[in-house]
Every structure is written in structure tokens, then in C-alpha cells.
Amino acid sequence: MGEQAFFIAILSSAVIAGTPILYAALGELITEKAGVLNLGVEGMMLIGAVSGFMAAIVTGNSWIGFVMAMLAGGVMGLIHAVLTVSLRANQVVSGLALTLFGSGLSGYLGKSYIGIPVAEPFRSLPLPVLGDIPFLGPVLFRHDVLVYVSWGLVLVLWFFLKRTRAGLFLQAIGENPGAADSLGIHVFALRYLYVIVGGMLCGAGGAYLSLASAPSWLENMTAGRGWIAVALVIFALWRPGRALVGSYLFGGIDALGFHLQAAGVLLSHFFLQMLPYIFTITVLTVVMAKRGGRLAAPGALGVPYDREER
Amino acid sequence: MTQPLVQMRGIVKKFPGVMANDHVDLDIYAGEIHALLGENGSGKSTVMSVLAGLYKPDAGEILIDGVPFCFGSPREAIAAGVGMVHQHFKLVEPFTVSQNMQLGERQGSFLLSDAGIRNEIKKFEKCFGLAIDPDAPVWQLSVGEKQRVEIVRMLYRGSRVLIMDEPTAVLTPQEATELFVNMKKMAAAGCAVVFITHKMNEVQEVADRVTILRSGKVSGSMLCRNVHAQELVWLMLGREIVMNADRCAHGECGAEVVRMENVNAQNASGRVGLNEASLSLHAGQIFGIAGVAGNGQKDLAEVLAGLRTVTSGTVEYLGEVVTNLSPAELIRRGISYVPEDRLGMGLVPGLDAVENMLLKSYKKPEFSGHGLINRQAAETWTADIVRQYNIKLAGLTQPVRSMSGGNLQKLLLAREIAGCPKLIVVVYPARGLDVGATESIHKLLMELRDQGAAILLISEDLDELMKLSDRVGVMFGGRIVGNFAIEEVDLEEVGLLMMGMCRTREERIHGDGR
Amino acid sequence: MAMAVKFEKRLNPSVAMNVAVPVLSVLAAFVVGAVFLSLTGRDAIEVYEAMFKGALGSQYGLSETIVKAIPLMLCALGISAAFRMQLWNIGAEGQFYMGAFAASWLPLTFPELPMLLMLPGMLVLGAAAGGLWGLAPAVLRARWKVNEIITTLMFNYVAILWVDYLVYGPWKDPKGFNFPLSAKFPPAASLPTVGDSRIHFGLLMAILLAILFWIVFEKSRWGYEIKVIGSSEPAARYAGMDIRRNIYWVMILSGAVCGLAGMAEVSGIVGRLQPGLSPGYGYTAIIVAWLSKLHPAAILVVAVLFGALQVGGFFVQTMGVPASVASMLQGAVLFFVVGGEFLTKYRVVIDRKEAA
């Protein structure tokens, strides 16, 4: 295998490995921008992965599976919204509950689906012209359609946050819900909406694993990717563009381990598997140390809003 | 007589354990400035929050132009033309002025348009003299500018009824005068301006009509031209209180307790907190620090309590250098601190009174042995203190968060005094307290001073400073810019210093013509 | 008649609700579980009955329940220490594995040691490794405010992979037919058991630790500091408490107790180091700790209940029901507890108004 072919292989699988994290990170980014911390990403991804997979098996159509995954993720988001927005529960614990429940329920529902192949998984769809560019083509433009959709999502989200009124409202309810409320912005309704939308994207991230990159169902197949997505939002300083770069960086580390082993590097694969986790911790520490602990975090992140709090 | 623009009839609002509004009636007319006068806790802010749609009343009705409204949210109130400028500004700090303006737009396009907003802001600058930079991030603005943003936003949203909650509390005297001019312009343009206050002179200066609230009830409402200040006081307090400040300075003082020289420190957000601040404070002296909030007062207090790192300069305490010693060490040496944030820093809301009393003495042998806390001894001690200072609480084992502001402050001050401090730093001690509680807090401070403690009193309330202090300093931009013996204080000069106009007497005399 | 439901904040949390909420939460979770069981075509009553009988209906079931409850007790106690200071240590799983790893090192390296040296040595090593594994995220948190939820979780994966590496690699038993298992420990490295059941000395450790925790957190000066820091960091700083040092020590304590759980598991039950030592004890223990409101005595009781769920889940596998039904139920319990806390903080008022 030539050196260039090796790099192309790594970079191209970095995109594949990064895509589920990207979907989930964008979902968490939206949720956190609205001032709600949802640590249930892992659970929402698992639920998305299993329900998308089941729907795809039953209907034979992966798109229906993908939509089901988003709906299921949305329902998980809804649970979190009820607990944290209406019942003002501790957001950390509610998110943990979501993860525990999600991994339990997905394991239960998916038991009989282990090892079944998907009829029509999302296959790579090389883009005309772009796919033929040397080096960049195979790295970026010969993937399945969900990869391209995720790029569109990054653009849309960036534009939404920067340029639209609704995007300004979203940030206002996360920065200062009291102010937003006094101006007539529906804080509760919008928080519900964005926590649910965030859950839907996390579900989509899970479905990418079970319908495109794997494509199969395994218990706890997310293997911590949901948590990496949570860390990534901090790494990205709540900016969609940085989330994209970050996702592929993490995907790259993931892919590197796999490819180094295939290339016969004499390092136990257990250490290579540790890389993304150690990398997450390192990156998070560097970001925090460099910024002196002052982040661009939404001002009211993690704080339940109570209108009559005096 | 024309029909009132707003009529509030029989408004009732209850909070757990409190009747905040008890059948309040209120008429507000277009083209008038209407003052709402009352002590803290009299229900002024509550009744206006009801009008602004923030609280739902438990009973009563609101008529605007004779049409009944029942606001379920601020959105509905704004749609009916009622806008409120809160005491704590409802601005999103990281956003720019124009973004904050667009947050309040009634019908906005899908996309944001900065150009349109800029024109609108210019228009208000022309009409009312309300100048603001649309592209400045709000966190960079001064308090007066933030208030201006709030007012412009309300006008921009088409408010005909403009409510302001204690608008002058955070302003310098000069800024307040400017605000009053603007309020008159707005009333002249046909708005109904309502402002909440507890300062008599403001009522006399700008208001056309005044309504007085006492314990949630209206105790009087009248046109201002036929009213006496004495009558207002009576209606507000329910008793004759002579408000002219009795000065309690006693002149003598002892050895120097604190000496700060050219101290620099960063504030909590990493910007300049103290800038070459110098200070000398003696035993048996109350040193008052005046200034607009956010000019380094908090940093000054925290440097003395060891909670903020000094980057250069020295702090001496009783002749020893104590720069950057730990809070624990400074507590041990007899420095007490009553912080601005009573419930959260000074006291722990979720813990009971006994545990809160122990906060600074839990390591003392009276209350602990073999690493264990002697709860029995602590309870006896707390019960004594509670009796001695006449603190009202539900029980020694109840979390203190349910106590009233005045009793919290008494508990906090009692604990700080219990350590027999040689220096006590007190920040905004009477903020949010009623007259009775303020009085007892002031008495405690004066007793402590007479016993020989050095007291650094940081306050925004000039009346309080004039009443208690032996010397008065002014803080501006992280520096102590004025330092007067109480007899020499010229309030106008203090006001100018608070605004950063650092002129000597001579310059003022000769330069006034400009 | 118009009716409106309103929520009024309680000035002080209701004591009755503090008891009622956890109990009702468990019941509600079973109802939710029943819905999912029925949706997948199973008879919920039958499944629950089988779980109940399996876990508590026989001496064997009971003893297995206790066996599963021991690591839950220890991990939940460890977690409760950190949670009291609002340190969200969800790294119990990793600390458990590191404890197991370090405790295994001694019998695998010095198999000849007498029991009197072996067991205490394993205890100390297990606790130390767990404590260090807890200290690492604590340092990151105290020095650079790195979110400990994420780091403790990432450290879990690292610890599990580390143990995998050992048993697939250098520590693999040469006589083990290439199975990923370490060599069997010598008898001197086994914790004593109760009679001929599998209930081991770890139970006593958990009970003693629970008593110790109660004294430390309710009565001691250190416990007072933790309480203040957990309630309000500014107040703690103001009172001159050393927050950084407390973060370190609390996380060391938290990790050490979870490490002990790992030690007890390899020494008392498994007798060797192997992959998949824990079926998620470290995560289930989070629910146990929260459900118990961090109270040590309650932790012991709730851990037994959750141990029973786990054993019950194991038993219904014979009926073709996946064992993950247990973790689904556990997650649901936590939901209801978290949501139900609303009722301890707020009073529900039903308002009847005459319609106009």
C-alpha cells in the first residue's frame, strides 16, 4: 500500500468515524445553546441506533429507519425537557438517567436484532466531478448521503445562529432566560423545542452507526461516542464549524488506531483504542487551561428557569 | 377629567407567606410622570410586575383604554403597550445593543437586519437625546448606558406605558438628573411614565402624580403640586420619622489598622479591579466608601478578606504585611467581612442557623474535638446569639433560606461580630432592608466602632454613608479618588468624583464657566 | 368552574415526600417496564414474578442478591462522598477496575505471601489504585476546571481497556488454554465467606464503611467542610476553607472505596483478573446513591434492592427475556426519582375559580 493511499484511507475513515459524533455534537450544541445541559447523549444515540435499525429491518427502508431514529431521539429529548424544564430537576442527574435508561432499553429492544444485516444500508454515493478530484475526492466526496447532509446541517446551524431572529432567540434563552422572558420570548416552549431537536440529532447520530458505518446492531455500540460528543461541544466553544473540525479530529484518532494496526504497528490494539478517550481528556484540559477556565459557555447553562423565583 | 390610560382594580398577589399586593387600585394617565412610592417590601415592584405581565394576579383586573386585559405573559403586556425597565436589566450581556433591540421586536423578519435597527436607534437619539452605540456589546456599557438601551428598546417596541423600577438606584446624581430630563420628554410625547422609588426628593423633582404603598396596600394617591413631603413620609411609613440624617461621627480614633499602598488586583472577570488603590483606616473609625457599583468596591473588600489576589502593592494590617495571606489566616487575625452576597457567600442557604453560625469558628476548640463537631455547644451558642440580637427565625434547625432579609443580615453581622474583629469590612449592609432592620444594623455597626473596631463601610446609599462614616472616600475605576473627613464632605463633589470627574476645588471654581 | 393547577415553592422540603417519592418512583418504573414488556409481547406480571422469585425466593437467589449488592454498596458509598460536594464522579466503574487490577498484582506477583500479608496488602493496593484513579480527574478539575463528568467517564474506558490489555497480554495465564484470564489466585488471596455461600467479607467492609461515612459526613469537621463546599463554594472560600485540597481528598476517598469494591470482587468472588468483571456496577451505583439521597444506611438497603433486580434479570433470561430489562428498570427508577424531587420542593395547588 502506497503512502498516499494509506493517508487517504485514514482521512476518509476519519470522516466516517466522525460523522455520528458530529450529528450528536450538533444536537448537544443546540440543546446547550438553549441553556439546557443534556448528558444523555449516549443514551439518545443508543436509542436512535436501535430504533432506526429495527425500523429499517422491518420496513426494509433505511430512510424510514433514519426518521424513526430521529423521532426516538426526540422522545428521549422530550423526557429530558419535561424533567429539567418543567420539573426543574437536576440536569446532570436527569441526563445520567437518560443514558442509563437508553442503554438498558436499547439492549432490551435490540436483543433479537443482533447479527441481522440491514437490507439497504446507506451506501457511499460518490459525487460527480468532486469525487474525481485527486486526494480530496476520495477523502471527502465518496461517502454516503448522510455525510453530505451533516455538512448542510453545519451550514444551516451556523447561519441560523448568526443571522436569523429565531437563532438570536435561541441564544437569548440560554444566556439570560429572565431577560428573554420579559421581552415576551417563550422561554419554556423554546427550551422544549431545542432540547427535542437536540435529541433528534443525537438519535440521527446513533442511526448513522447502525445504518451506515457499521451497519449492524450491537449492544452499547456507541462505546462512549456520546460522551465524546459532549466534550466536543466544549472543545468547539459552542460553534458549529469547530464542531465539524473537532468531530473529524476525533474520528481521525479512532481511524488511526484501526489503520495502524492494519499496517502492522506493534502496539497492542487496546492502547490504540484508548486514544480517543485520552485525546478527549487532553484536549479538554488544554482548552480549559488556555482559556483560564473562562469559556464562551451560555450564561444560564445548567440552570433551570423559574419565572417567579425571588 | 380624561379617562386614565391604565386602570388597575383590586389587584391581589400572594407569595408563600406574604400578601405582596392587597387589593391595589391604581390609575395611570397618559402624559404624566407617576411616582410609586413606598418602603422596600411594600409591594411596589410586585404590582408593576403584575402590570407588565410577569406575575399573574390572584385577583383583580387591568383596564387599558377602558378595555379589560388579563396578561398571561410579558409578551401580551408588551403587545398592549406596557413596557417595564427592571432594576436588574433584562439585557443579554454578550449580545450587542442592536441584537438586544431585535430581541424585543414585535414583528420581526426571519433574518436579522442591523441596518434597520441602526436607523431606529438614531431616531430615538434625535427625539429624546438617548444616545447609544448600536454595535457595542452590552457588557462593555456603563450602568447608565444599559438603562438607556432598556428605555430605547421599550419605546422602540411601541410602549405607551413605560414602567421604571428604581431607575436611579444605580445612577450617579448627574446621570439621574439626565434621566429625569428624558422622562419629562417622554411624558411630553404622550407616554405614561411610571417610576418606582423610595426617595422623597425624586418624587418632588419629577413626578406629576404620586401613589404611596404601604404593606401591599395603597395608602394614598394625589397630584404632586398639592402635597407636602411630611405627608408623604407619614403615608409611606405609617408614622412620623424624621429623615434628616443624624450624623454619628465621634471624631476620635486610635492606631492605624489597615494601610493599603498602590494595590492592584484583577476583578472576577479578569479585568482591572483595583488600580493603584491606597487607603488608611484607623481603629474606632468608620471609613465610608461611596461609588457607583462596579468600580472596584467588591475587589477592595475581597482583597482585605483574602479572597482576591493582589498583583502588586502592599496591604498592611496592624503593622504587619498581610498581602495575599489566605482567608483562613486573615480570619484568624481578626478580619471580619460582611459580603454583598448575603445568601450564597455570607450565609449558606441550605444549611441551618447553627451550621451557618459555625462557618468561621468550626475549628475552634469550643465547638470541635477529635475532628468531630460539638453540635450541642454550637446550638447553645447560636440560641444565645439569636436571643441577644433579637433574630427571628422559624427554628435553629431550619435552612436559613426561608429567613427574611433583615434577619439574615442580623444573623450574618452577629456572627462576624462574635469573632471580636479588629477590622470589619461591610458591603451594602442595608440593601433591600426595611427601615426598622436598617436602623438596627446601623446601631450594631456604631456600637462596634465605639468598641474600637475599624470599619470599612462600602455603600451606594449616600444618606447611609453620611450618617455613619467618620471619613468618606469615593471609588472610581478601581481607585480611591477622594478622601474627606465627614465635616468637609461636599456632596456635589462626591457626585462628580463618582462619575470620574476628578477636579480639584480650584479648577472647579475657575472652570465652571465652560 | 375553571380549574388551574399551580406550583408553589415549599419553604422547606417536605419530609413525607422524601420517603414517598423514592417508593412511588420504584413502583412507577415497574409500570413503565411493564408497558415495554407488553409491547414486546410478554406477560409483565409473569416476568416480574419470575424476577422476584429468582432473586429472593430461594437461599441461592438471596445469596446471589447479596453478592451483587456488595459492589453496588461500596461503589454507591464512594460515589456519595463525591456527590455530597457536587463533584459528579461517574468514574466508579473505572475506579472499580483499577482497584481490581492493583489488588490482583499482589497475588499474581507474590503468590507465596501468607494471608495475613496478602489480604491487607490487596486491600491497600486496591484502595490506592482506585483513589489515584479518582485523583487524576480531581486535579484536572481543581486546577483547570475541567468538567469531571466527562473526564471520569473517559477514564472508565481507559481503565477497562487497561485490564483487557493485561488479561489478553502479559497477565494471561499460560495454562489457561488461551482464554483471556489471569492465573488463579492462591487461597491466601481469597476473602473469607459466610458459610458455604458466596457472600464474602466485602459485606462487612460495606457495613463498616457505611457507619464510618455516617460519622464523617454527619458529625465530623471534615464532613462539615464538605457540606459547606457542596452547598455554596463562595461561602466556603469566604470561610477560609481550602476547596482544592478538599476536592483532592474527597475524590481520593471516593475512588478508593470504589477501588475496594473492585478488590473485593476479584478476591471474594472471581479469584482472578478477567475482562467484564463488572456488569456496570459503577453506573448502577449512581442510581443507588441518588435514590438513597446519599444517606449511607439507605445506600445499603437500596443496593440490596438493585442487586435483586440484577439477579432477577439474570433469571428471566431463561424465559427468553434479555437481562437488560434490569438496567432499563433501573434507569426508569432514576427518571422518576429525579422528576419526583419536584414534589419535595414544590406544593401542587389546585385552584378553583368561578368562570367569568
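Bear in mind that the values here come from a model prediction, so they are computed numbers and not experimental data. (Residues numbered from 1 in each chain as written. Chains lettered and ligands numbered in written order. Predicted model: local features only at pLDDT ≥ 70, side-chain atom pairs only at ≥ 80, totals over all residues.)

Asker: What is the right way to look at the overall build of chain C in this model?
Answerer: In terms of helices and strands, chain C carries 13 helices and 2 strands. Computed over its C-alpha atoms, the radius of gyration of chain C comes to 22 Å, within 12% of the 21 Å expected for a compact globule of 356 residues. By its C-alpha atoms, chain C is 85 × 60 × 35 Å across when sized along the principal axes. A burial count over chain C gives 54% of its 356 residues as buried. Partitioning the intrachain contacts of chain C with sequence separation of at least 6 by distance along the chain shows that 80% fall at a separation of at least 24. (Helix = DSSP H or I, 4+ residues; strand = E, 2+ residues; numbered from the N terminus. Rg over C-alpha atoms; globule rule 2.2 N^0.38 Å. Buried ≥ 20, exposed ≤ 12 C-beta atoms within 10 Å, placed from the backbone. Contact = placed C-beta atoms within 7 Å.)

Asker: Explain the overall build of chain A to me, please; I cannot follow it from the model alone.
Answerer: Along its length, chain A carries 12 helices and 0 strands. Relative to a compact globule of 310 residues, whose C-alpha radius of gyration would be 19 Å, chain A shows 19 Å and is just as compact. Projected onto its principal axes, the C-alpha coordinates of chain A cover approximately 65 × 45 × 40 Å. Across the 310 residues in chain A, those meeting the buried criterion constitute 55%. In chain A, the proportion of contacts linking residues at least 24 apart, taken out of those at least 6 apart, comes to 78%.

Asker: Can you walk me through the sheet that holds strand 10 (residues 217-223) of chain B in this structure?
Answerer: The strands making up a sheet associate through backbone hydrogen bonding, with each pair oriented either parallel or antiparallel. All names here are of chain B. In spatial order, the strands read 6-7-8-3-9-10; together these 6 strands make up an open sheet with mixed pairing. At either end of the open sheet lies a strand with only one pairing partner, and these are strand 6 (82-85) and strand 10. The mean inter-strand angle of the sheet, taken between neighbouring strand axes irrespective of direction, is 20 degrees. Strand direction decides the pairing type here: strand 7 (residues 161-165) and strand 8 (residues 192-197), joined by 5 bridges, are parallel. By the bridge assignment, Val 161 is partnered in strand 8 with Ala 192. Helix 5 (residues 143-156) contacts strand 6 and strand 7 of the sheet and is inclined by roughly 175 degrees relative to strand 6. Here helix 6 (residues 173-188) sits on the sheet and contacts strand 3 (33-37), strand 7 and strand 8; the angle it forms with strand 8, its principal contact strand, is near 145 degrees. (Pairing = 2+ DSSP bridges. Axes fitted to C-alpha atoms, helices over the stretch in contact; angles between N-to-C directions.)

Asker: Teacher, can you tell me more about the interface of chain B and chain A here?
Answerer: How big an interface is tends to be expressed through the accessible area that disappears when the partners come together. Across the boundary between the two partners, chain B contributes 21 residues, which contact 17 residues of chain A. Looking at the side of chain B that touches chain A, the elements that each hand over two or more residues are helix 2 (74-79) and helix 3 (97-103) of chain B. For the side of chain B that touches chain A, the per-class residue count stands at 11 nonpolar, 8 polar and 2 charged. (Nonpolar A, V, L, I, M, F, W, Y, C, P; charged D, E, K, R; others polar.)

Asker: Looking at this structure, how should I read the packing of helix 2 (residues 41-59) of chain A against helix 4 (residues 91-110) of chain A?
Answerer: Each pair of packed helices can be described by the angle between their axes along with the distance between the axes. All names here are of chain A. Where helix 2 contacts helix 4, the two axes come as close as 7 Å, and the packing angle between them is 20 degrees. By the angle class used here, helix 2 and helix 4 are roughly parallel. The handedness of the crossing between helix 2 and helix 4 is left-handed. Of helix 4, the residues touching helix 2 (which contributes Glu 42, Gly 43, Met 44, Leu 46, Ile 47, Ala 49, Val 50 and Met 54) are Leu 98, Thr 99, Leu 100, Phe 101, Gly 102, Ser 103, Leu 105, Ser 106, Leu 109 and Gly 110. Classifying every residue of the contact of helix 2 with helix 4 gives 11 nonpolar, 6 polar and 1 charged. (Parallel < 35°, antiparallel > 145°, perpendicular 65-115°, else oblique. Left-handed = near helix turned anticlockwise from the far one by under 90°.)

Asker: Help me out: how do you make sense of the interface of chain A and chain C in this one?
Answerer: Every contact between the two is made by 39 residues of chain A and, on the other side, 37 residues of chain C. Listed by contribution, the elements that provide at least two residues to the side of chain A that touches chain C are helix 3 (62-86), helix 4, helix 10 (225-235) and helix 12 (269-290) of chain A. Looking at the side of chain A that touches chain C residue by residue, the classes come out as 26 nonpolar, 11 polar and 2 charged.

Asker: In this structure, what is going on with the packing of helix 12 (residues 296-316) of chain C against helix 13 (residues 325-345) of chain C? I would like to understand it.
Answerer: The contact between helix 12 of chain C and helix 13 of chain C brings their axes to 8 Å, and the two run at 145 degrees. From helix 12 of chain C, Phe 306, Leu 309, Gln 310, Gly 312, Gly 313 and Val 316 of chain C reach across to helix 13 of chain C, where they touch Val 325, Ala 326, Leu 329 and Gln 330 of chain C.

Asker: Could you clarify how one ought to interpret the sheet that holds strand 11 (residues 256-266) of chain B in this entry?
Answerer: Residues and elements named next belong to chain B. Strands sit in the order 12-11-14-15 across an open sheet of 4 strands; the sheet is antiparallel. Edge strands, defined here as strands with exactly one partner in the open sheet, are strand 12 (272-282) and strand 15 (320-321). By the bridge criterion, 2 bridges tie strand 14 (residues 310-317) to strand 15 in an arrangement that is antiparallel. Across the sheet, Glu 316 pairs through a bridge with Val 321, a residue of strand 15. Across the sheet, helix 9 (residues 297-305) lies against strand 11, strand 12 and strand 14, angled at about 65 degrees from strand 12, the strand it touches most.

Asker: Explain unusual backbone geometry here, please?
Answerer: Glycine aside, the phi torsion of most residues is negative, and most peptide linkages are trans. Located in the positive-phi region is Val 129 of chain A, a residue other than glycine, with phi close to 65 degrees. Mapping Val 129 of chain A onto the fold places it in the loop between helix 4 and helix 5 (136-140). Judged by the 9 C-beta atoms lying within 10 Å of it, Val 129 of chain A is exposed. Although it is not a glycine, Tyr 428 of chain B adopts a positive phi angle of roughly 40 degrees. When you line up the elements, Tyr 428 of chain B lands in the loop between strand 19 (423-427) and helix 14 (435-450).

Asker: Got a minute to help me understand the pairing of strand 8 of chain B in this structure?
Answerer: Consecutive side chains of a regular strand alternate in pointing toward one face of the sheet and then the other. All names here are of chain B. Within strand 8, 6 of the 6 residues are buried, which leaves it mostly tucked inside the rest of the structure. Neither face of strand 8 is left uncovered, since the one carrying Ala 192, Val 194 and Ile 196 and the one carrying Val 193, Phe 195 and Thr 197 both have all their residues buried. Looking at chain direction, strand 3 and strand 8 are connected through 5 bridges and run parallel. What sits directly across from Leu 36, in strand 8, is Ile 196.

Asker: Where do I start with the environment of Leu 462 of chain B in this structure?
Answerer: All names here are of chain B. Position of Leu 462 relative to the elements: it lies in helix 15 (residues 462-468). Taking the C-alpha atoms as reference points, Leu 462 and Gly 346, separated by 116 residues in sequence, lie 24 Å from one another. Beyond its immediate chain neighbours, meaning those up to four positions away, Leu 462 contacts Ala 290 and Leu 491.

Asker: I'm lost on the confidence of the model for chain C in this one. Help?
Answerer: Caution applies to low-pLDDT parts of the model: their predicted coordinates are not meant to be read in detail. Here chain C shows a mean pLDDT of 89. Residues at 70 or above account for 94%. Here the complex is predicted with pTM 0.82, and the ipTM for its interfaces comes to 0.87. (pLDDT = per-residue confidence, 0-100.)

Asker: How should the environment of Cys 127 of chain B be read in this particular structure?
Answerer: In this structure, Cys 127 of chain B sits in helix 4 (residues 114-128). Taking the C-alpha atoms as reference points, Cys 127 of chain B and Met 186 of chain B, separated by 59 residues in sequence, lie 9.1 Å from one another.

Asker: Honestly, the environment of Leu 347 of chain B in this entry has me stumped. Any pointers?
Answerer: Residues and elements named next belong to chain B. Secondary-structure assignment places Leu 347 in the loop between strand 16 (335-338) and helix 11 (353-357). The sequence separation of Leu 347 and Gln 388 amounts to 41 residues, and the corresponding C-alpha distance is 19 Å. Excluding residues that lie within four positions of it along the chain, Leu 347 makes contacts with Arg 342, Asn 356, Val 400, Leu 408, Leu 411 and Leu 412.

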